[in-house]
Amino acid sequence: MRRLLATAALLAGLGHAALAADSIKVGVVGPFTGPSARIGQDIQNGTKMAIEDARAAGELPVTIDGKKSDISLVWIDDESSPEKAVKAYRNAVSREGIQLLLNGWHGSVGLALIDLAAADGIISYGNLAAPEDISEKITENKYTNWFKGWPAPKSMSGLYVDAAEDLIAKGKWTPPTRKAAVVVEDSDWGRTWGEAIVTGLKAKGWEVVAQDVARNNELEFNALLTRYKASGVSLTAFTLNAPASAAAFVKQFNSAGIKGLLFADGLGWASNWHELTGDAANYALSMDSPRSITPEEKEWSARYEKTFGAAPSPAAAGHAYDYTRALIKGLAASGSLDQQKLAAALLATEHKGVWQFYAFATQPGDGAISAYEVKTGPFMKGFSFPMVQYYGDKAPVVWPFDYAEAEFQAPK
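What counts, and at which threshold
- Residues numbered from 1 in each chain as written.
- Predicted model: local features only at pLDDT ≥ 70, side-chain atom pairs only at ≥ 80, totals over all residues.
- Heavy atoms only, no water.
- Pairing = 2+ DSSP bridges.
- Helix = DSSP H or I, 4+ residues; strand = E, 2+ residues; numbered from the N terminus.
- Axes fitted to C-alpha atoms, helices over the stretch in contact; angles between N-to-C directions.
- Buried < 20%, exposed > 50% of the residue type's maximum accessible area, 1.4 Å probe, protein only.
- Parallel < 35°, antiparallel > 145°, perpendicular 65-115°, else oblique.
- Left-handed = near helix turned anticlockwise from the far one by under 90°.
- Contact = heavy atoms within 4.5 Å.
- Polar contact = N/O pair within 3.5 Å; in protein donor to acceptor, adjacent residues only side chain to side chain.
- Expected span 1.5 Å × (residues − 1).
- Phe/Tyr/Trp six-rings, centres within 6.5 Å; stacked < 30°, edge-to-face > 60°.
- Lys NZ or Arg CZ within 6 Å of the ring centre and 35° of its normal.
- Right-handed = clockwise from strand over helix to strand, strands pointing away.

> Explain the sheet that holds strand E6 (residues 146-148) here, please?
Hydrogen bonding along the main chain pairs the strands of a sheet, whether they run parallel or antiparallel. If you trace the six strands from one edge of the open sheet to the other, you get E2-E3-E1-E4-E5-E6, paired in mixed fashion. With one partner strand each, in any of the chains shown, strand E2 (62-64) and E6 form the two edges of the open sheet. For this sheet, the mean angle separating the axes of adjacent strands, direction not counted, is 30°. Where strand E5 (residues 123-127) and E6 come together, three bridges link them in parallel fashion. Among the inter-strand pairings, Asn127 is bridged to a residue of E6, identified as Lys148.

Below, the structure written as structure tokens:
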């Protein structure tokens with residue numbers, strides 16, 4: 001009986017080893033329960049859709065160390081809490097034996113996991129945590145395992161300047177002056193966003209006559225706007241996270257009668273923006289979210305909705321899908337789970353996804369503020385969002401021009 005039990009145990013062990021060899025365990029991070037569970041569901045659905053599409057396309061299984069290997073997903077529920085994320089991650093490592101991390105959403109969770117993953121020698125790919133603190137950790141600690149899937153705020157805000165200069169170059173807008181004012185929320189996001197857009201504007205010959213920081217949830221901007229009007233600004237830009245703050249600024253900007261463009265970063269994060277602003281948002285512009293504009297994006301969104309019974313969030317589901325497909329591409333190129341070999345292959349992998357063109361920087365300043373951060377760039381040449389213009393209750397894409405759904409309207 002002892003021999004039989006020992007043999008059974010040995011066979012069980014061999015079976016487990018064979019399973020491990022033939023299946024790569026990938027831990028997918030997201031808020032699958034808790035206050036952001038809808039986002040988590042999008043991440044989950046986008047990841048699963050990518051796995052099925054990869055299998056259908058013959059991309060899975062991949063060959064790792066000479067053996068065909070599929071992917072087994074392990075869901076790491078962060079519950080929108082750094083503390084719970086750490087516990088779930090440690091459980092996934094010790095009990096589930098995950099070999100890679102994929103996707104993720106919250107900045108606070110990313111900051112809680114980055115050092116742990118580095119200590120464990122686990123590659124994290126496509127995490128959407130944006131804070132610059134993560135970029136700084138990558139640089140300071142020379143991390144080669146954390147592939148930051150969302151650029152730091154300062155990398156994104158400069159795209160507004162590119163859009164403005166393109167509008168001028170194409171004769172679609174002639175600013176009365178080259179004076180600008182910038183308002184940001186009192187947060188790391190706001191300050192870094194503001195620093196970048198100010199730097200970009202000055203580099204293009206704009207005079208930035210005002211840089212102001214607003215309290216979170218600030219609702220009173222009339223004094224600032226009176227000052228801006230007196231200064232003769234032709235371009236006003238803000239980033240405000242709270243919907244009520246963004247709406248208040250838009251309405252007071254309209255009432256102030258300032259003649260010029262308004263970049264309203266964050267207005268698009270509220271689906272009920274028109275209910276909050278009414279027609280005061282007319283002519284305002286933002287590029288704060290992905291939009292379904294290409295035939296491929298529209299087809300993907302329709303297929304997602306048919307499959308899961310709900311429209312997708314491109315930011316969550318779309319990016320999760322793209323990063324999953326890109327990870328599989330990098331695994332195939334590497335042919336190994338060795339951290340150094342796989343990290344090198346992923347760093348060299350460029351991927352034209354449904355929603356973005358993905359390539360990771362090899363050094364700071366290469367379209368990103370750190371190495372291993374996804375690079376920004378023009379639409380489908382880097383990570384970027386199209387610009388929409390609000391008018392009535394619509395927000396059609398007006399830039400880049402090749403994908404415009406409506407003509408840009410210069411403010412009157």
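Right, picking up where we left off after that structure.
> Can you help me understand the environment of Ser108 in this one?
Examined against the element boundaries, Ser108 turns out to sit in helix H4 (residues 107-120). Residue Ser108 is classed as partly exposed on the basis of its relative accessible area, which comes to 37%. Separated by 23 residues in the primary sequence, Ser108 and Pro131 have C-alpha atoms spaced 8.4 Å apart.

> Can you help me understand the packing of helix H6 (residues 153-169) against helix H7 (residues 188-203) in this one?
The packing of two helices is summarised by the inter-axis angle and the distance between the axes. Two elements in contact, H6 and H7, have axes separated by 7 Å at closest approach and are oriented at 40°. As summarised for this structure, H6 and H7 are arranged oblique, according to the angle between their axes. Crossing hand, H6 versus H7: right-handed. Contacts between H6 and H7 involve Pro153, Lys154, Ser157, Tyr160 and Val161 from the former and Trp189, Thr192, Trp193, Glu195, Ala196, Ile197, Gly200 and Leu201 from the latter.

> How should I be thinking about the side chain of Gln356 in this particular structure?
Within the secondary structure, Gln356 sits in the loop between strand E12 (351-352) and strand E13 (357-358). On the basis of relative accessibility, which here comes to 1%, the residue Gln356 falls in the buried class. Within the structure, Gln356 has its side chain in polar contact with the side chain of His319 (distance 3.2 Å). Beyond its immediate chain neighbours, meaning those up to four positions away, Gln356 contacts His319, Asp322, His351, Met380, Gly382, Phe383, Ser384 and Phe385.

> Hey, could you run me through the environment of Glu407 in this one?
Inspection of the secondary structure assignment puts Glu407 in the segment after strand E15 (397-399). Classification of Glu407 as exposed rests on a relative accessible area of 58%. Along the backbone, Glu407 and Gln389 are 18 residues apart, and their C-alpha atoms lie at a distance of 9.2 Å. With sequence-adjacent residues up to four places away left out, Glu407 is seen in contact with Lys172, Gln389 and Val398.

> Looking at this model, I keep getting lost on helix H9 (residues 243-256). Mind explaining?
Note that an α-helix has 3.6 residues per turn; residues three or four places apart therefore point the same way. Compared with the 20 Å implied by 1.5 Å per residue over 14 residues, the 20 Å span of H9 between its first and last C-alpha is a close match. Those residues of H9 that are buried lie in contact with strand E7 (179-185), helix H8 (222-231), strand E9 (235-239), strand E10 (261-265) and helix H10 (273-277). Once H9 ends, the next one or two residues include Gly257, with phi positive near 70°.

> Even after reading the chapter, I still don't get the packing of aromatic side chains, so can you show me in this structure?
Aromatic rings considered in pairs are described by the distance between their centres and by the relative angle of their planes. All chains considered together, the criterion is met by 23 aromatic pairs. Between Phe147 and Tyr372, the aromatic rings sit 5.2 Å apart at their centres with planes inclined by 80°, giving edge-to-face as the arrangement. Here the residue Phe147 occupies a position in strand E6, and Tyr372 occupies one in the loop between E13 and strand E14 (387-389), the gap between them amounting to 225 residues. You can call Tyr372 buried: its relative accessible area is 13%. When the ring of Trp300 is compared with that of Trp355, the centres are 5.7 Å apart and the planes differ by 90°; the resulting orientation is edge-to-face. Note that Trp300 is positioned in helix H11 (residues 295-308) and Trp355 in the loop between E12 and E13, a separation of 55 residues in sequence. Per residue, the accessibility class of Trp300 equals that of Trp355, and both read buried. In this structure, Lys172 packs its charged tip against the face of Phe401, placed 5.2 Å from the ring centre.

> How do you make sense of the pairing of E5 when you look at a structure like this?
A large share of E5 lies buried, amounting to five of its five residues. One ladder, built from three bridges, connects strand E4 (residues 100-102) with E5; its direction is parallel. In the strand pairing of E5, Leu101 is matched with Ser124. As for the winding sense of the linkage, the β-α-β connection from E5 through helix H5 (residues 132-141) to E6 is right-handed.

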